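The chain contents come next:
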Amino acid sequence: MDNEIYLDGNATTAVLPAALRAATEAMAERYGNPSSTHATGVKAKALLDTARERACRLLGAGPGRLMFNSGATEGIQTAVLSALCAVRARRTAGEPAGTLLVYGATEHKAVPESLAHWNALLGLDLELVPLPVGHDGRHDLAALRRLAPHAAFVCTMAANNETGVISDLAGIAAALADSPALWMVDCVQALGKLPLDLAATRIDYAPFSGHKLYAPKGVGMLYVRAGAPFTPLMKGGGQETGWRSGTENMAGIAGFGAVLAALEPGSPPDGATFRSHAELCVFRDRLADALCQALPGIVFNAPFDKALPTTLNFSVPGLSSKELLDLFDAAAVRVSAGSACSAAKAQPSHVLEAMGLPEWRSSNAVRLSFGPLMEEATVQEACARIARCGDALRQAGMLGEPTAARPDGLLQLSAGGSHTWLVFDAASGSCAVIDPQPALEDRIGTLLRAHGYREAVRLSTHDGTGWPATGDSLGLGAQCLRRMASGTGRLCYLLGPDGEAPRHAFIGAADPAGLAHLLPANILLCPGRDARPDAPPALCSVPPANTAPASLAGMHLDAAAVASLLREHPAALLVDVREPYEHAATARFAGPRAVSIPLSRLAGELPAWLARAERAPLVFFCRSGNRSARAAGCLRSLGYAEAYHLQGGIALS
């Protein structure tokens, strides 16, 4: 198995060895409470003070205050609460306070959600206004100048977490020159990557997060300009000079302090210095060149000259972000689709949407990011694996280039809850396309060209278009398609070997219950649309009441249980349901008892499995366990009780 190459540094980073040692030492030897006055407490207090002094020097805090906290989200909450309490106090005193809460349209979601939360909780009824950005991701300063006289609080970023775009902080400060608004700048992605001299700026609040720069998770900082209003988020024992009560996370602060020490000139840990801006630019350009070679048509979503060299945000025509993430993950290259905090939500990037980029780019964007400790050898290996990913896509016909491989049978393509079914006949080189979705047209054409297929017929279950003028059956090599009225004013198409009973029915959006009396028993229903918009893409089913589904109990197995099952059942089969391009990109396979049957091809394998007199156990696996769970669940719904899957996927095995 390949060693992991981690290129998701904007989400989090590994802990610097010196930071790990410092945190361990703090827990083992400097475990005192820094509020205690005895010698053990004094040692802990000295560690705390040293870390704070170092942070103040690096940030140019000057007379400003700097408190340690749990991370950027707490820092943002504290800054927002402080600013809004000050606005309320100004209102009460009859002073001009502003009516607008202005935030960059590309801010991390923690900012607008915090603004909305405290605005409602404090009953201020201020208007939240997103500040537009241009196609380059930079704030619209003309719009800010119009808003500034009415702004109560303005929130922007030093550098964007998804695109790496660097804000024009000097331009923003100039636009706010005559405004009474308080100003927060999210500096999470700036630490260690941009020069900071906060006391020399107009910035009132600046939150930081340690784990974005090789410190442990759960520790951060908040800078507050001298004279800026402040309201503690938490009151209690008066720690952090009353600004943030609660015993300090000394292990986290010690680790963060070690990272800050590495940033100071002349004091690198273990002789490992952070890379210079010029070195990081070279790394970025090499990775970008590798991506361009591997992924034809790639588009980078932020201009390099206005972004951090540690962030590459890109989209590839015809490839979804999920497909690309699965592909890179198979090659043990860890990248992400935008912000890690919202990665589980299948939505277009709000950052790229705000930049006015086309929907296909905002929906299918991938972020590759790394930290300033990146090494030459890692970049070299990453470029090699990116090339392997490109080769895997070519072999699978995903890039439209001719390939020797030729799929045969059924293929399911999905987009937005709808499904297109392709029926390939390798012998004749012909393909039937059933219910083509507009979003999948490019993919269909790419696959047909790459594999040397001609489109024999294009059918719709909605209105019956595409069927030849005469007859109710259509030959496709050794297969035969038959059309049949579904009883809902639509058509369905039956597929099976010529001269035999049909095995699959393409039913479009028809109600399976209404088809039960029209179709042969146990025929597999291939839907054209999911039952619910939020449901996982549907696989095959059978007409209701035609098969008794097996219980789902015991379906989920961990790695140890899978190994035990394989020992007890020599005939058991491991089934890799990852797609062909993932399989081609990986350096790991499960062994001689494993077969590759992608989830998109599962429908074609089901009849043979279901027809077995003796059903050997089938154990499905994939990257994370989601697709394998759907495959095993599908088999069990069809009555195949010996279907299992590897819970958590090979990522946990």
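Residues numbered from 1 in each chain as written. Predicted model: local features only at pLDDT ≥ 70, side-chain atom pairs only at ≥ 80, totals over all residues. Heavy atoms only, no water.

A. Just the sheet that holds strand 25 (residues 618–621), in detail. Taken in spatial order, the five strands of this open sheet run 22-26-25-23-24, and their pairing is parallel. A single partner strand is all that each edge strand has here, and the edge strands are strand 22 (556–557) and strand 24 (594–596). By the bridge criterion, three bridges tie strand 25 to strand 26 (residues 643–646) in an arrangement that is parallel. Pairing of Val619 across the sheet is with Tyr644, part of strand 26. In the packing of helix 18 (residues 626–637) onto the sheet, contacts are made with strand 25 and strand 26, and the angle to strand 26 comes to roughly 170 degrees. (Pairing = 2+ DSSP bridges. Helix = DSSP H or I, 4+ residues; strand = E, 2+ residues; numbered from the N terminus. Contact = heavy atoms within 4.5 Å. Axes fitted to C-alpha atoms, helices over the stretch in contact; angles between N-to-C directions.)

B. Structural context of the side chain of Thr310. Of note, Thr310 is situated in the loop between strand 9 (299–300) and strand 10 (311–315). Thr310 gets classed as buried once you look at its relative accessible area, which sits at 1%. In this structure Thr310 touches Lys193, Leu280, Leu368, Ser369 and Phe370, once residues within four positions along its chain are discounted. (Buried < 20%, exposed > 50% of the residue type's maximum accessible area, 1.4 Å probe, protein only.)

C. Just the nonpolar core, in detail. If you look at the biggest cluster of nonpolar residues, it comprises 55 residues, and the most contacted ones within it are Leu59, Val102, Leu144, Val154, Phe208, Met221 and Val259. In terms of residue count, the dominant contributor to this core is helix 7 (residues 250–263) (eight residues). Not counting residues within four places of it along the chain, the set of residues in contact with Leu59 comprises Leu66, Leu191, Leu196, Asp197, Leu198, Phe208 and Met221. Val423, Cys526, Cys540 and Leu635 belong to the second largest nonpolar core, which has 40 residues in total. (Core = buried A, V, L, I, M, F, W, Y, C linked by side-chain atoms within 4.5 Å.)

D. Here's a closer look at the packing of helix 3 (residues 72–92) against helix 4 (residues 110–121). As a packed pair, helix 3 and helix 4 sit with axes 10 Å apart at the nearest point and diverge in direction by 40 degrees. It follows that helix 3 is oblique to helix 4 by the angle criterion. In the crossing of helix 3 with helix 4, the sense of the turn from one axis to the other is right-handed. Side by side, helix 3 and helix 4 meet where Ile76, Gln77, Val80, Leu81 and Leu84 of the first sit next to Ala110, Val111, Ser114, Leu115, His117, Trp118 and Asn119 of the second. Taken together, the residues of the contact of helix 3 with helix 4 break down into eight nonpolar, four polar and no charged. (Parallel < 35°, antiparallel > 145°, perpendicular 65-115°, else oblique. Left-handed = near helix turned anticlockwise from the far one by under 90°. Nonpolar A, V, L, I, M, F, W, Y, C, P; charged D, E, K, R; others polar.)

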